[in-house]
Amino acid sequence: MTQPTAGEFKAFSAVCTHQGCTVASVSNQTINCPCHGSKFSIADGSVTDGPAGSPLEEKQIEVDGEKIRLA
């Protein structure tokens, strides 16, 4: 789950597209994989730094007040 801008929420698969490791942190506008250093945009899941070659899969969510759920 990320918040690219105030009030905007996004959700992505936690599985890195490089070798299937679980991404572990979000910092400096990227979702980070600890295994081989891939980084993905918090806005759209696109690769910002490899070795991953494919974006993270975006998940559909519903925002209802202070609750966020997978759709």
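The rules behind the values
Residues numbered from 1 in each chain as written. Predicted model: local features only at pLDDT ≥ 70, side-chain atom pairs only at ≥ 80, totals over all residues. Heavy atoms only, no water. Helix = DSSP H or I, 4+ residues; strand = E, 2+ residues; numbered from the N terminus. Rg over C-alpha atoms; globule rule 2.2 N^0.38 Å. Buried < 20%, exposed > 50% of the residue type's maximum accessible area, 1.4 Å probe, protein only. Contact = heavy atoms within 4.5 Å. Areas by Shrake-Rupley, 256 points an atom, 1.4 Å probe, with all protein chains shown as cover. Core = buried A, V, L, I, M, F, W, Y, C linked by side-chain atoms within 4.5 Å.

A. Structural view of the overall build of the protein chain. A tally of regular secondary structure across the protein chain gives zero helices and eight strands. When the helices and strands of the protein chain are read in sequence order from the N terminus, they spell out β-β-β-β-β-β-β-β. The C-alpha atoms of the protein chain give a radius of gyration of 12 Å, which matches the 11 Å a tight globule of 71 residues would have. Its C-alpha atoms give the protein chain principal-axis dimensions of roughly 35 × 20 × 15 Å. Looking at the 71 residues of the protein chain, the share that counts as buried comes to 28%. For the protein chain, contacts bridging at least 24 residues in sequence account for 33% of all contacts bridging at least 6. Counting only carbon and sulfur atoms, one obtains 47% of the accessible surface of the protein chain, whose full area is about 4,400 Å².

B. Representation of the side chain of Lys10 in the model. You can see Lys10 is positioned in the segment before strand E1 (11–12). Judged by relative accessible area, Lys10 falls into the buried class, the value being 19%. Ignoring sequence-local partners within four residues, the contact set of Lys10 consists of Met1, Thr2, Pro4, Ile42, Ala43, Glu58 and Ile61.

C. Structural view of the nonpolar core. In this structure, Phe12, Cys16, Cys21, Val23, Ile31, Cys33, Phe40, Ile42, Ala52 and Leu56 together form the largest nonpolar core, which totals ten residues. Beyond its immediate chain neighbours, meaning those up to four positions away, Ile31 contacts Thr2, Phe12, Val23, Ser25, Val26, Ser38, Lys39, Phe40, Ser41, Ile42 and Leu56.

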